[in-house]
Amino acid sequence: MTFLEPLLLWGLPLALLPVIIHLFNRLRHRSIDWGAMMFLLSATRKSTRYARLRQWLILLLRVLALVGLVLAVARPLAGGWLGWMFQAAPDVIVIVLDRSASMEARMPGGNVSKRAEAARVLAEAAQSYKDTSRFVLFDTALRAATEVGEPSALPQLSTAGATDTAADIPATLQAVVEWAQRNKVGHFEIWLASDLQASNWQPDSEQWKVVTAQIAALPQTVRVRLLTFEQPPVTESWSVQITEVLRRPRAEPPEVEVVMMIERNNPAPAIMPISIGGEGTRAQVDLELSGPSYRYRHKLPVESAMASGWGRVELPADDNPRDNVAYFVYGPPVLLRALVVTDDPAVGRILQLAAAPFANDTNLVAEVVHPDRTAGVVWNDYALVLWHAAPPGGAVAAALHQYLEAGGALWMFAHGQPGQFEGIAWGEAQAAEEGKSWPITQWQRQEGLLANTEENLALPLNDLEVRRRQPLGGTGIALASFEDRLAFLSRRVVGRGELVACSVGLWPEWSNLREGWVLVPAVQRLLQTGGRRFTQAGMLSCGQIVPTGGGEIWTSVEGAKDVRLHAGVYRSGLRMVAVNRPPAEAAVETVEPAKARGLFGPVPVQMLGERKQGEGRLQAELWRMFLFAMLVFLLVEALLILPPKPETAPAVRFQMKGGTP
Amino acid sequence: MAERGGRKFLDPKVVARLVQQPMGTRLPMIGSVAGLHRSPHRGSSVEFAEYRKYAPGDDIRRVDWRVYARTDRFYVKEFEADTNLRCYLVLDCSGSMAFRGEQGDSKLDYAKRLIATLAYLFIHQGDAAGLICLSDRMVWDIPPKRNPRHLQAVFDVLEEVEARGETALIRSLHDVAEKVRQRALVMVFSDFFCPVEPLLECFQHLRFQKHDVVAFHLMDRLELEFPFDRPMRFVDLESPETLLSEPAVIRDQYLKAVRAHLEALREGCHRFAIELQSVATHEDYERVLRAFMRGRALKIR
């Protein structure tokens with residue numbers, strides 16, 4: 001058993017104080033000449049058993065209370081004692097430190113990040129094992145072992161510093177297991193400090209079962225100590241995230257549109273100054289925020305339509321300084337290619353124009369191909385496929401499925417024949433009554449393909465005259481519906497891509513959709529969606545780039561930063577990327593500590609919850625326990641020394657008038 | 001010197017206050033001279049008792065002639081006899097009677113005050129008072145006499161006796177019962193620290209001899225309440241035995257034992273028609289005596 005204040009253990013002899021006082025009391029007894037000896041002897045004979053036992057018990061409890069007090073003030077360490085009683089110190093202590101961006105949140109009531117506090121607490125706890133165990137630090141960002149010579153230096157280690165990465169706890173534990181197997185270490189403990197963020201812990205992941213089974217199967221004993229920091233922020237907290245960077249080639253002067261999302265934990269309306277800037281320029285915007293999540297589009301003027309550059313968005317400081325900055329890069333406009341698949345040249349021409357409306361805009365290209373000649377098409381080169389033919393089957397359908405999974409966009413129009421593709425079915429064609437059409441009355445105006453324009457003008461869907469249609473069935477979500485509630489346009493997400501199904505063909509006898517008022521903006525929007533994987537190639541999440549040995553060197557544009565660990569803008573040759581905190585790090589869901597413990601299955605786990613800053617010691621629970629034990633001893637002692645319940649005749653009744661007959 | 005010392009236990013002021021109240025017995029007494037107390041025999045007082053048929057040998061002066069004139073039969077008119085009382089004041093001089101509490105007299109001194117006052121009062125109202133002091137070594141026995149000079153002898157003995165030795169109460173009381181043949185008032189002053197059953201047998205013996213028995217049970221407040229909180233060494237007053245004890249540990253059992261003893265004594269006295277006067281020695285003895293005398297007040301004729 002080890003103590004933080006071992007000197008105070010010299011106070012242990014104090015526990016003998018009650019015994020000394022007892023003996024001293026007996027020594028300084030008073031003598032008295034006594035007449036009623038017969039009662040005294042009888043009482044001494046009778047009162048021996050229980051009263052003597054009680055007397056000794058009281059003495060023992062007083063001694064124990066003092067022992068408890070002395071031990072409590074000597075701050076006993078949890079290590080090697082309670083919970084892990086009588087177990088030898090482990091050969092190796094593997095410290096797994098969650099370095100994800102969410103660990104940079106401040107401890108409640110303090111100015112220290114959860115990560116720094118975790119490092120401090122772990123370093124403090126490690127002190128008591130300094131002479132017996134070896135320390136190895138595994139951080140969640142690099143998942144590599146770092147030997148720690150002096151545990152007190154743990155908070156200063158670069159491998160324990162702040163990062164903008166996400167953490168993958170099961171993968172890190174997997175790395176620990178592999179390391180242990182490789183290095184054939186003896187008995188070891190894993191000290192895991194984390195904020196239990198659900199996205200990092202992935203409680204539903206199958207990997208947990210694999211890794212815990214592996215730990216349990218190790219020949220040496222492995223124990224886990226869990227230090228949790230799942231407290232939500234107590235002060236206001238906000239975060240910014242850049243969702244999209246769009247070029248606006250037609251704008252004059254040329255500009256880049258940065259779409260950002262600001263999330264807050266306080267939904268009350270507030271004005272927030274945000275700073276947006278790039279190389280040398282900086283703009284301050286006061287945003288009137290309302291609600292917990294706010295989407296803002298910022299137009300950034302650039303030198304030319306082909307210019308490339310980078311910038312950063314900054315929010316004022318809050319609970320977690322790590323999530324207040326987001327970086328973006330923009331480059332020359334990316335070529336967005338659309339493929340029109342149709343057997344009708346007229347329709348092909350219309351769709352081609354809808355996808356690439358400006359002949360002199362070389363960034364938008366549309367090609368037309370006959371459905372029979374799609375065999376050799378490299379689908380993944382295209383941002384958008386417009387399908388105006390019978391639903392595909394066989395190899396083409398499989399290729400299109402892969403294309404959708406990879407993030408492509410596909411718009412399929414009705415073609416007159418019933419059929420189905422990817423869960424969406426086109427029924428038998430219907431014709432409206434002579435001289436009538438099916439009006440479109442409902443559509444999603446807030447977002448998506450049919451959303452209102454930036455000037456908040458609605459697309460003229462109610463001007464569409466649909467005279468023939470093929471009712472849509474299946475699993476899609478209706479984006480627009482006719483008056484009779486049948487879907488006009490239906491959408492389905494497949495993988496990272498998007499499938500849009502239309503119940504109308506582009507022939508003039510079907511509708512006036514070909515006139516373009518609705519078609520062109522919707523096609524352009526879908527093209528942007530499908531092209532996001534090309535345009536946003538420069539936006540990466542921290543931890544996504546792990547430089548390989550291929551000579552790829554990433555340098556930060558502002559100061560020395562590690563592309564693997566820190567958000568920022570990095571260059572490698574001509575390529576420039578913005579590395580940001582993974583979006584999942586902003587999620588507030590945490591795993592319940594009990595559930596986190598359950599994830600370890602057969603591996604023994606000890607929870608070491610940290611509640612308050614300043615009491616941040618793994619040993620805190622122990623001294624409380626001793627103090628509690630002391631109180632219990634004192635309470636029992638108090639109960640024992642209570643006078644017995646008064647009996648029917650409380651005192652000796654001695655009456656003046658006795659047995660007078 | 002002896003006279004002054006002997007009167008130490010008699011307070012004239014107390015006596016002056018108590019002397020107004022004559023004291024009687026609960027039972028008829030047989031005395032040698034006329035007195036204040038009822039006799040079992042017929043006598044010549046003014047109190048009419050009964051008519052009885054004349055029997056040869058009766059004094060013809062006592063024949064009621066008026067009755068003879070009316071009924072032509074001889075009847076004798078009888079009156080109650082009044083006699084004097086003989087009182088034996090028995091003092092227990094065992095060692096335990098020397099116990100002295102935090103303040104005031106020892107139990108023995110307290111008993112001496114009671115005895116001196118009572119002896120004076122009895123002799124003053126024409127009764128005979130004697131004193132018997134019992135201890136394991138010697139017995140003082142002063143037979144009851146009516147002579148006021150006799151008081152001095154009583155006071156001298158009171159002055160002389162000390163409390164020492166073991167209790168010899170039981171043996172001595174049987175002796176007293178055997179020795180005192182005529183009906184008498186026997187007043188025992190003791191702490192009765194002895195087994196209750198043999199003691200009650202003594203009382204029964206006294207009652208069998210038709211004595212009116214009064215037991216003055218004297219106890220100190222310390223003995224009754226046992227209010228000690230520190231370890232004490234108790235030194236027995238009647239033997240060389242000592243006992244080192246934690247009063248807190250044994251208090252309950254001690255009080256229980258005392259309570260049981262008192263209860264048994266009270267119940268036994270009630271059974272044998274003994275008047276038990278429980279006296280705590282911190283009480284004022286005048287008040288104790290007044291209460292006792294009120295219970296035995298004589299009707300003034």
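Residues numbered from 1 in each chain as written. Chains lettered and ligands numbered in written order. Predicted model: local features only at pLDDT ≥ 70, side-chain atom pairs only at ≥ 80, totals over all residues. Heavy atoms only, no water.

Okay, the sheet that holds strand E13 (residues 325-330) of chain A next. Residues and elements named next belong to chain A. A sheet is described by the order of its strands in space; here four strands give the open sequence E10-E9-E12-E13, paired in antiparallel fashion. The open sheet has two edge strands, strand E10 (282-289) and E13, and neither has a second partner. Neighbour to neighbour, the strand axes of the sheet diverge by 20° on average, direction disregarded. Bridge count for strand E12 (residues 309-314) against E13 is six bridges, and the pairing is antiparallel. Paired with Glu-314 across the two strands is Val-325, which belongs to E13. (Pairing = 2+ DSSP bridges. Helix = DSSP H or I, 4+ residues; strand = E, 2+ residues; numbered from the N terminus. Axes fitted to C-alpha atoms, helices over the stretch in contact; angles between N-to-C directions.)

This paragraph deals with the packing of aromatic side chains. Summed over the entire model, instances satisfying the criterion amount to 28 aromatic pairs over all chains. Each ring, one from Trp-438 of chain A and one from Phe-482 of chain A, has its centre 6.5 Å from the other, and the planes form 55°; the classification is tilted. Here Trp-438 of chain A, found in the loop between strand E20 (430-431) and strand E21 (440-443), pairs with Phe-482 of chain A, found in strand E24 (residues 477-482); they are 44 residues apart in sequence, far enough to count as distant. A residue is classified by how much of its surface remains accessible, and Trp-438 of chain A, at 17% relative accessible area, is buried. For Phe-482 of chain A, a relative accessible area of 2% gives the class buried. With a centroid separation of 5.8 Å and an interplanar angle of 75°, the aromatic rings of Phe-482 of chain A and Phe-488 of chain A are classed as edge-to-face. In this structure an aromatic cluster arises from ring pairing among Trp-34 and Phe-39 of chain A together with Phe-99, Phe-193, Phe-226, Phe-228, Phe-234 and Tyr-254 of chain B. The positively charged end of Arg-469 of chain A is found above the aromatic ring belonging to Phe-482 of chain A, 4.9 Å away from the centroid. (Phe/Tyr/Trp six-rings, centres within 6.5 Å; stacked < 30°, edge-to-face > 60°. Buried < 20%, exposed > 50% of the residue type's maximum accessible area, 1.4 Å probe, protein only. Lys NZ or Arg CZ within 6 Å of the ring centre and 35° of its normal.)

Looking now at a nonpolar patch on the surface. Residues and elements named next belong to chain A. Where nonpolar side chains cluster on the molecular surface, the patch consists of Leu-14, Leu-16, Leu-17, Ile-20 and Ile-21 and spans about 460 Å² of accessible area. Its place among the elements puts Leu-17 in helix H1 (residues 17-27). In this structure Leu-17 comes out as partly exposed when scored by relative accessible area, which is 40%. (Patch = residues over 30% accessible without salt bridge, like charges linked within 9 Å, V, L, I, M, F, W, Y side chains within 5 Å. Areas by Shrake-Rupley, 256 points an atom, 1.4 Å probe, with all protein chains shown as cover. Salt bridge = Lys/Arg side-chain N within 4 Å of Asp/Glu carboxyl O.)

The next thing to look at is the environment of Ser-481 of chain A. In this fold, Ser-481 of chain A is placed in strand E24. Assessed through its relative accessible area of 11%, Ser-481 of chain A is described here as buried.

Next up on the list: the sheet that holds strand E7 (residues 238-248) of chain A. Residue and element names in this part refer to chain A. Taken in spatial order, the three strands of this open sheet run E7-E8-E11, and their pairing is antiparallel. Single-partner strands in this sheet number two, and they are E7 and strand E11 (293-301). The mean angle between the axes of side-by-side strands here comes to 20°, regardless of whether they run parallel or antiparallel. The pairing of E7 with strand E8 (residues 255-264) spans 10 bridges and is classified as antiparallel. Looking at the pairing, Val-245 lines up with Val-258 of E8.

Moving on, we come to the side chain of Ser-245 of chain B. Looking at where Ser-245 of chain B falls in the secondary structure, it is placed in strand E9 (residues 242-245). Those residues in contact with Ser-245 of chain B that sit more than four places away from it in its chain are Pro-231, Met-232, Phe-234 and Ile-250 of chain B. (Contact = heavy atoms within 4.5 Å.)

One rule of thumb: low pLDDT means the predicted coordinates there are not for detailed reading. Mean pLDDT over chain A stands at 83; residues scoring 70 or higher make up 91%. Here residues 80-86 of chain A is a poorly scored stretch, pLDDT under 50, and it has 19 contacts once near neighbours within four places are set aside; other chains count. (pLDDT = per-residue confidence, 0-100.)

With 69 residues, the main nonpolar core has Leu-410, Trp-411, Leu-450, Leu-461, Phe-488 and Leu-519 of chain A as its most contacted residues. Of all hydrophobic cores here, the second largest spans 46 residues; its members include Met-23, Cys-87, Tyr-110 and Phe-216 of chain B. (Core = buried A, V, L, I, M, F, W, Y, C linked by side-chain atoms within 4.5 Å.)

The next thing to look at is the side chain of His-415 of chain A. Residues and elements named next belong to chain A. Mapping His-415 onto the fold places it in the loop between strand E17 (409-412) and strand E18 (419-421). The buried category is assigned to His-415, whose relative accessible area is 17%. In this view, His-415 contacts Asp-343, His-388, Ala-389, Ala-390, Gln-470 and Trp-507; residues no more than four positions away in its chain are not counted.

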